Every structure is written in structure tokens, then in C-alpha cells.
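Here is what each chain is made of, one letter per residue.
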Amino acid sequence: MAVALKKKSEINMIEGSLLGKMIRYALPLICTNVLQLLYNSADMFVIGNYCADKTAFGSVGCTGSLINLILGLMIGLSSGISVVLAHAIGSGNKNRISKTVHTTVLLAIVMGAAVGIIGILISPGILKIMNTPDEFIKGATLYVRIYFAGTIGNALFNFCSGLMRSRGDTLRPLIFSSVGGIVNIVLNLVFVIKFGMGVEGVAIATIVSQAISALLSIIHLVRLQDDCRLNLKKLAIDRSVFSSLLTIGLPAGAQGMLFSLSNMILQSSYNSLGPLYVDANTAAMNVDGYIYNVLNAFYHVTLTFSSQNYGAKKYERVWKVYWVSASCVFAIGITIGLVCFIFSDFLIGIFNSDPAVIEVAKIRLGVMGISYFICGLMEVGTAMLRSIGHSGTSAIISLLGSCVLRIVWVYTVFKIFEDVLVLYLVYPVSWIVTFAALAIFFRRRFRKEIARHAEIAAESRAE
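Residues numbered from 1 in each chain as written. Predicted model: local features only at pLDDT ≥ 70, side-chain atom pairs only at ≥ 80, totals over all residues. Heavy atoms only, no water.

A. Layout of a nonpolar patch on the surface. Side chains of Phe45, Tyr50, Ile185, Leu189, Ile193, Leu338, Val339, Phe341, Ile342, Phe343, Phe346 and Ile350 sit close together on the surface and give an oily, nonpolar patch of about 1100 Å² of accessible area. By residue number, the principal contributor to the nonpolar patch is helix α12 (residues 315-342), which donates four residues. Mapping Ile193 onto the fold places it in helix α8 (residues 171-194). (Patch = residues over 30% accessible without salt bridge, like charges linked within 9 Å, V, L, I, M, F, W, Y side chains within 5 Å. Areas by Shrake-Rupley, 256 points an atom, 1.4 Å probe, with all protein chains shown as cover. Salt bridge = Lys/Arg side-chain N within 4 Å of Asp/Glu carboxyl O. Helix = DSSP H or I, 4+ residues; strand = E, 2+ residues; numbered from the N terminus.)

B. Broad picture of the pattern of salt bridges. Here the structure, examined in full by the defined rule, presents eight salt bridges. Two residues, Asp238 and Lys99, come together in a salt bridge whose shortest N-O distance is 3.6 Å. Taken together, the residues Asp238 in the loop between α9 (199-223) and α10 (239-272) and Lys99 in helix α5 (residues 94-129) connect sequence positions 139 residues apart. Sharing partners across several salt bridges, the network here consists of Asp345, Glu359 and Lys362.

C. Here's a closer look at unusual backbone geometry. The phi angle at Asn131 is positive, at roughly 60°, despite the residue not being glycine. With respect to the helices and strands, the residue Asn131 is situated in the loop between α5 and α6 (134-149). Looking at Asn131, the relative accessible area reads 40%, which means it is partly exposed. In this structure, Lys313 takes a positive phi of about 60° despite not being glycine. Of note, Lys313 is situated in the loop between α11 (275-311) and α12. (Buried < 20%, exposed > 50% of the residue type's maximum accessible area, 1.4 Å probe, protein only.)

Shown next as C-alpha cells:
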């Protein structure tokens, strides 16, 4: 039974046709991302409809950019983990596979604790800097402090999911996330409806669900019978693996934090327009977040498939991975974006039925929903550069093309017009610029990498 399950849930990425395997790999990822959003949407639905505190919805909604800022570094490091382990699996280096697993788990505990402490300490001050409306500040501060108190569970689940995805298994992260999500929904209902709690209720439910998903992931890794098996007594940080993780993961983490920083500045601009715009932006984000998370699955598909084939020195397949991923993102992104725009009144109304909120929220869906496929293409380009070891280049391009451009836009174009439509237009503009730059640099870097490996191979044969 275990052997059969293993064969069904793990994918051979370096042999055979790509499209079918990439779709098979992507589907559990998409389901995981969508389910996670459903759980988050359940949070917003519960507090928006059953919480006695009418500021709770806006209080939770205005914390997203701050949470993403603090977690950006951690999520970036998990990308480094995926690349390092995929390279090791592709090259068949069993010793490095084991060291990567044990380094990853210990690093998750350390990083989770550090990020949690930092988040608890700095979050109140940052919320004030973000122009969070006075009526939301108390609830938002309480929510983020409870959230960051459970960051170790979040880190363990994300890092362990990266390990599982790198070995071709996207099914179990889906199962573990589903179990945690069901617990989250049940606790939301119990805490908010039965016990009359507000933002603290949904925050506690969130960290408990993350802890459960993390525990299930650790149990699975301990029970493995291959080179990825986790032995808790062997937890240690290997210097070579740690160095590789930092080389790839640190620029990725910095990129994530900078993206979140630019989004924080945009959030501050929304906040400055008043509570109506905060509620509208929150409601619209709960809808277009589904588009992003479906497309984001192909970032992980691209990263893992490309990394394994690069490790196996199958460079022609690396090119194919790029084009298959880009084609899937384009087709799926356009389709989902149009559907969300057509049914925008109904979808936004699920989260907030106020007609004024719906009208403002539709502006965001009209601009971003339809153009989100460009963001997906940008992330495919980012994944390709990271998979061949050029995470720093990706970070620099994203910094200039998206983060700097957005910040300049806010303090120039938005200052002139001060219209919410102008704020939303910066997203597709920055995505186009960044995607074009990433595509050009990947083409050049990859050709140089192939030439470098060919020279090394020729020197080895000559010796």
C-alpha cells in the first residue's frame, strides 16, 4: 500500500513528456493554494457576518501587507530549499539530499522563532506608519501579534512542503493543508459565533491550524523510507547546504520582502483614502487572490521541474519547462481573470454586500483580475532564473522593475491624480516591465551556463 501510494504521489521530472506531468504536479498545488484562500476567506466571512465588532473586517484586512513583509524572507528561503534539494535529487547525490532535509527542518524552527519575535515587536509601529485608520489599529495590532506568535508552525509547514514538492510529491502538502484548514474553519465558528470573540478568535484559529499542518508534515518526513527520511536526532545545519540555501534563498527572501514593502506603501495609500477604500480593497483582494494563487502554483512547478533537469544536466528539457509553464499561465490566467470580472458583483458581495464597497472593489478586479496572467508570466521567469542558480539577478530585476517603479509611481503619478484607479494601474505596468527584463536575462544567462558546463565537460574528457 505504501509503495503504491509513493508511486502515485511522486513524479519523475527528468524523463518522459512534460505537459501531463507538470499539470499533474500543479493540480494538488492549485488545490492547496485555493483551499488555503478558502480558509482565509472563511475567516473574513465569519468576522464580516457574525462578529459583533464591526471594525474587525477592516482590522484583519489591513494587516496582509505587513504579514507578507515579515514572512517574505522565510518564504524566499523555502524557495532556496526547493532548488537545492531538487539539484541534489537530479544529480543523485544521496548524502546531500539527507543533509538538505535535516538542515531545512532545523532552519525552519530557528527562522520561525526569529521572525515571530521580530513581528511581535515591530508590528504596532509599522501599522501606524501605514496610515492604518484609528478605528482599525487596535484590532489589527492584536491580530498580527497573535499571528506572529505561531510563526514556527507556519515556517515548518512551508519548509517541509518545499522538501516534499522537490521530491515530486504535491499530494501530501494538500492533504496536510486541508486537515489544518478544516480545523481553522471549525475553530473560527466556535470562537467567533459561540464564544463571541473577534479578531483574536480568527488569529488563534489560524495558528492552531498551521501547527497541525506542520506536525503532520514532520510525522510524514520521519516515516519516509528513502534518502529524504528525517531523523530528529540528526538535526544539524550543514555549512555547505546552508551556504547554498542562502545563495539562492536570501535574494529570493529579500525580493519577497521588497515586494511586500512596495505593497505596504500601496496599502498605506489605500488607507489614506478612508475606511470605504480599505474595505473595498480587502473584499477585492479576497477575490483576485484566487487568480494569483492558481497562477503561483506554476511558479513552484517551474522551479522544481527546471531545477531537477538542470541538476541532471538536461538543458533542452529546461527550455521546454519554461515554454510549457508560460503557455499554461497565459491560458489559465486569461480564463480565470475574465470569469472573475464578469461575475465581480456576486463574488465581491460574498465578502461585503455594501453597494458602495462593491463599486470601488470592481475597479481593482477590472484592472488587476484580467491582467494577472502577466504576473504569472513574471513569476515563471523568476523561477527559471532561480533554478539555474541566479537568484540574485532575479531579485535585482524585480527590485527595479516592480518595487522601485511602484514606489516612484505612488509618490509621483498618484500624488498628482489621487485616484484609486491610478493605484491599481501600477500593478500591470510593473508586471510587464519585470517580466520582459526577466525573460531577456534568463535567455542570456542560461546560454552562458550551458557554454560553461560544456567547457567543464570538455576539460574533464581531456584529462
